[in-house]
Amino acid sequence: MTGFSSTNLSEFFSLFTEYDILGAFWVNIRLTFWSAVIATVLGIVLIIMRISPISSLRGFAAGYCEFFKNMPLTIIMVFMVLGVFGQLKISFSDTFTINFFWLAVTGLGVYTAAFVCESLRSGINTIPVGQAEASRALGLSFMQSATQIILPQAIRGAVAPLGNTLIALLKNSTVAAAASVATETSSLMSTMIEFHSEHIIGIFLIFAVGYLILIIPIGLLTTYLSNRLAVRR
Amino acid sequence: MATEILNSVHIHRSVHVGDNIENPLVELSHVEKHYGDLHVLKNINLKVGKGQVMVVLGPSGSGKSTMCRTINRLETIDSGVIRIDGEVLPAEGRDLANLRAEVGMVFQQFNLFANKTILQNVTLAPMRVRHMSKRDAEDEAMELLARVGVDSQAQKMPSQLSGGQQQRVAIARALAMHPKVMLFDEPTSALDPEMVNEVLDTMTQLAHEGMTMICVTHEMGFARQVADNIVFMADGKILEAGSPEQFFENPQTDRAKDFLSKILKH
């Protein structure tokens, strides 16, 4: 093994021009963003079902969460490609890359929704039962008390677990490789290692540091918001 | 020890409260409730007339809070009938919500909405349930807040107010729906001693204005001065009912005598 020489270093830095590393991170950020949108909307629908007075809705939502919490993400991603696209012929676009991108987003979104629902549930557990009783006692309907009183407080009480879910989602976005999204970071890393195995440690570090740069601010922001938004009682 | 002995005494008589009242605003008849094996409400029969103030007294665990909460169905009942202004309490859905809007409730823990300002706490239900305009709802809310003496706090959050102020806001919030009857479930039990009177004063004022009220409380002074009718509960039963004079001067049952001797001694 040779030490770092100047030729070695310049070769290493040429990797940045040879490969679109920032572009790959951008793919993961976009995957994360759109899956987060889906997961948030679906997660809120699920938590409303979970606290609703209708037992069949509660049962469905609980089943959904148990199923996706216990299912490996890789299996979901492969199913999106082989099952949803391959067998069921459901396709988002005629363009190959766009189609797989949205298949991956959907897989990530429905998977993460289960965790969003669980995070919100932990937020709901921070709300005294009297808040719901008071809103029902005033004649508000279930949906009115859910959207006006319970969910706003649940979300503010669940900032920390929601932040962790977002961090997990960003990391999980690399599993999109299993859904044939070839331009994202983990796929690019494999390609780079294949052709530049002499820089294997350096390549690892590029991606590791890249994720740290993305994720540490999310953690800091959640801690800040979690204190800032906490419901004072 | 004493309660164990009393528990073993079966009192077959069940007291029907306000039997002579015609067109009662609130009526409970043959109401029963169990929590598992625990029989918490035993054959409750009572009627409250319009404008009456009924105070429910009794030891902890006697079922008085539970009874109060059944009246707007925050607690379900196993059997029996509850009527508000002649109408049977609906089981669920929109009908129940509509009925709850007619019954104001004030809780021991205030339960102001922690994510809303004081003003929003009062305007929320009139706007969402009664579809009042924001402007009208806010005008009325400010009037009510002024009546209970907290209008200067309108823009604050509940956590910034003292317990007594929060409870007065809770009363204003319930009044904003123009309820036919107000339920008070131990409204002063969570308050610092200094703040009890400001809440009791508000309640007294309300009683004098002719509001129909059912108050579960341990405030004997309030019960004596404001109540038209005292109901004494123990072990899930109504043991006695009568005017404050009758009850405090001449309690009929041993359980009530025992209760009064414990609370009036100091």
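Everything quoted here is computed from the prediction, not taken from an experiment.

## Section: the UniProt feature "domain: ABC transporter" (unreviewed entry) in chain B
Alright, step 1. With numbering aligned to this structure, UniProt lists the feature "domain: ABC transporter" (unreviewed entry) at residues 26-260 of chain B.
Alright, step 2. Between the end C-alpha atoms of residues 26-260 of chain B the distance is 27 Å, and the span holds 39% helix and 26% strand.

## Examining the side chain of Ser35 of chain A
All names here are of chain A.
Alright, step 1. Tracing the chain through its elements places Ser35 in helix H2 (residues 21-51).
Alright, step 2. Accessibility expressed as a relative area gives 0% for Ser35, which makes it buried.
Alright, step 3. The contact partners of Ser35, leaving out residues within four places of it in the chain, are Val105, Leu108, Gly109 and Leu169.

## Re the sheet that holds strand E8 (residues 181-185) of chain B
Adjacent strands of a sheet pair through backbone hydrogen bonds, lying either parallel or antiparallel.
All names here are of chain B.
Alright, step 1. Taking strand neighbours across the sheet as the criterion, the six strands line up as E7-E8-E9-E4-E10-E11 in an open arrangement whose pairing is mixed. Each end of this open sheet is capped by a strand with a single partner; those strands are strand E7 (103-106) and strand E11 (237-242). Strand after strand, the sheet turns through a mean of 20° between neighbouring axes, direction not considered.
Alright, step 2. Here strand E4 (residues 53-57) runs beside strand E10 (residues 229-234); their pairing, made up of four bridges, is parallel. By the bridge assignment for E10, Val56 is matched with Val231.
Alright, step 3. Along the sheet, helix H6 (residues 163-175) makes contact with E7 and E8, crossing E7 at roughly 170°.

## Let's talk about the interface of chain A and chain B
Alright, step 1. Taken residue by residue, the interface counts 19 residues in chain A and 23 residues in chain B.
Alright, step 2. The interface formed by chain A and chain B holds one salt bridge in total.
Alright, step 3. Arg69 of chain B is the partner of Glu133 of chain A in a salt bridge, and the nearest nitrogen-oxygen pair spans 2.6 Å.
Alright, step 4. Applying the counting criterion to the chain A and chain B interface returns eight residue pairs in polar contact (both at pLDDT 80 or more).

## Notes on the packing of aromatic side chains
Alright, step 1. By the definition in use, this model includes 17 aromatic pairs over all chains.
Alright, step 2. Note on Phe67 of chain A and Phe68 of chain A: the rings are 5.0 Å apart at their centroids and 85° apart in plane angle, and the pair reads as edge-to-face.
Alright, step 3. One aromatic cluster in this structure is built from Phe33, Trp34, Phe101 and Trp102 of chain A.
Alright, step 4. In this arrangement the basic side chain of Arg173 of chain B is found over the ring face of Phe113 of chain B, its NZ or CZ atom lying 4.5 Å from the centre.

## Here's the deal with the UniProt feature "domain: ABC transmembrane type-1" (unreviewed entry) in chain A
Alright, step 1. The UniProt entry lists residues 25-222 of chain A under the feature "domain: ABC transmembrane type-1" (unreviewed entry), expressed in the numbering used here.
Alright, step 2. Helix makes up 80% of residues 25-222 of chain A and strand 0%, with an end-to-end C-alpha separation of 21 Å.

## Notes on the layout of surface pockets
Think of a ball as big as a water molecule: rolled over the atoms, this probe shows where empty space is left.
Alright, step 1. Considering only enclosed or pocket space, the largest pocket measures out at about 900 Å³ in volume.
Alright, step 2. What lines the largest pocket is a set of 32 residues, among which Ile51, Pro53, Arg136 and Phe142 of chain A together with Arg100 of chain B lie closest to the centre.
Alright, step 3. Those elements that place two or more of their residues in the lining of the largest pocket are helix H6 (129-137) and helix H7 (142-157) of chain A together with helix H3 (93-102) of chain B.
Alright, step 4. Looking at side-chain class alone, the lining of the largest pocket contains 17 nonpolar, six polar and nine charged residues.
Alright, step 5. Taken as a whole, the second largest pocket encloses approximately 360 Å³ of empty space.
Alright, step 6. Along the wall of the second largest pocket there are 19 residues; nearest its centre are Val159, Leu162, Gly163, Leu166 and Thr222 of chain A.
Alright, step 7. Of all the elements in the fold, those that place two or more residues in the lining of the second largest pocket are H2, helix H5 (96-124), helix H8 (159-172) and helix H10 (200-229) of chain A.
Alright, step 8. Per element, the largest residue contribution to the lining of the second largest pocket is six residues, and it comes from H8 of chain A.
Alright, step 9. A class-by-class count of the residues in the lining of the second largest pocket yields 14 nonpolar, five polar and no charged.

## A closer look at helix H5 (residues 134-147) of chain B
Residue and element names in this part refer to chain B.
Alright, step 1. An ideal rise of 1.5 Å per residue puts 20 Å on 14 residues; H5 measures up with 20 Å between its terminal C-alpha atoms.
Alright, step 2. Buried positions along H5 lie against helix H4 (118-128) and H6.
Alright, step 3. The positive-phi residue at the C-terminal boundary of H5 is Gly149, with phi of around 80°.

## So, the UniProt feature "transmembrane region" (unreviewed entry) in chain A
All names here are of chain A.
Alright, step 1. Here, the residues flagged by UniProt with the feature "transmembrane region" (unreviewed entry) are residues 31-49, 70-88, 100-117 and 200-225.
Alright, step 2. From the first C-alpha to the last, residues 31-49 spans 27 Å; its make-up is 100% helix and 0% strand.
Alright, step 3. From the first C-alpha to the last, residues 70-88 spans 24 Å; its make-up is 79% helix and 0% strand.

## Overview of the pairing of E8 of chain B
All names here are of chain B.
Alright, step 1. For E8, the buried fraction is high: five of the five residues fall into the buried class.
Alright, step 2. Burial of E8 is two-sided: the residues Val181, Leu183 and Asp185 facing one way and the residues Met182 and Phe184 facing the other way are all buried.
Alright, step 3. Of the pairings in the sheet, the one linking E7 to E8 comprises four bridges and is parallel in character. Paired with Met105 across the bridge in E8 is Leu183.
Alright, step 4. As judged from the five bridges shared by E8 and strand E9 (residues 212-216), these two strands associate in the parallel manner. Directly across from Met182, in E9, lies its bridge partner Met213.
Alright, step 5. Handedness of the β-α-β unit built from E8, helix H7 (residues 193-208) and E9 comes out right-handed.

How each quantity is defined
Counting restarts for each chain: residues are numbered from 1 in the order of the written sequence. A letter from A marks each chain and a number from 1 marks each ligand, given out in the order of writing. Given that the model is predicted, a residue must reach a pLDDT of at least 70 before its local features are reported, and side-chain atom pairs must reach 80 or more before they are shown or counted; all residues, however, enter totals for whole chains, interfaces and linings. Only heavy atoms go into the side-chain values, all of them from the structure, while hydrogens and water stay out. UniProt positions are given in the numbering used here, feature names are shortened, and annotations may be inferred rather than shown by experiment. Strands are runs of DSSP state E lasting at least 2 residues, helices are runs of H or I lasting at least 4, and numbering of each runs from the N terminus. Under the scheme applied here, a residue whose accessible area is under 20% of the maximum for its type counts as buried, over 50% as exposed, and between as partly exposed, the area being computed with a 1.4 Å probe on protein chains only. Residue contacts are defined here by distance: any two heavy atoms, one from each residue, within 4.5 Å place the two residues in contact. Here the rule is simple: two strands pair whenever DSSP picks up at least two bridges between them. The axes used here are C-alpha line fits, helices contributing only the stretch in contact, and every angle between their N-to-C directions lies in the interval 0 to 180 degrees. In what follows, salt bridge is the name for a side-chain nitrogen of Lys or Arg lying within 4 Å of a carboxyl oxygen of Asp or Glu. Identification of polar contacts relies on pairs of N or O atoms within 3.5 Å, with a donor-acceptor requirement for protein atoms, meaning one able to donate a hydrogen and the other able to accept it, and with residues adjacent in sequence counted only if both atoms are side-chain atoms. Any two rings among Phe, Tyr and Trp, with Trp reduced to its six-membered ring, count as a pair given centres within 6.5 Å; such a pair is stacked if its planes are under 30 degrees apart, edge-to-face if over 60, and tilted if neither. Only Lys NZ and Arg CZ are tested; either one counts as a charge over a ring when it is within 6 Å of the ring centre and within 35 degrees of the ring normal. Cavities and pockets were defined on a 1 Å grid built over protein atoms only: a cavity is a set of grid points that admits a 1.4 Å probe from which the probe cannot escape, a pocket is an open set flanked by protein on both sides within 12 Å along at least five of seven lines, and lining residues are those with an atom within 4 Å of any such point. Grid points are joined across faces, edges and corners, and a volume is the space filled by probe spheres set on the points. Gly falls in the polar group here, along with every residue not listed as nonpolar (Ala, Val, Leu, Ile, Met, Phe, Trp, Tyr, Cys, Pro) or charged (Asp, Glu, Lys, Arg). Every helix has an expected span of 1.5 Å times one less than the residues it contains. A crossover counts as right-handed when, viewed with the strands pointing away from the observer, the path leading from the first strand over the helix to the second turns clockwise.

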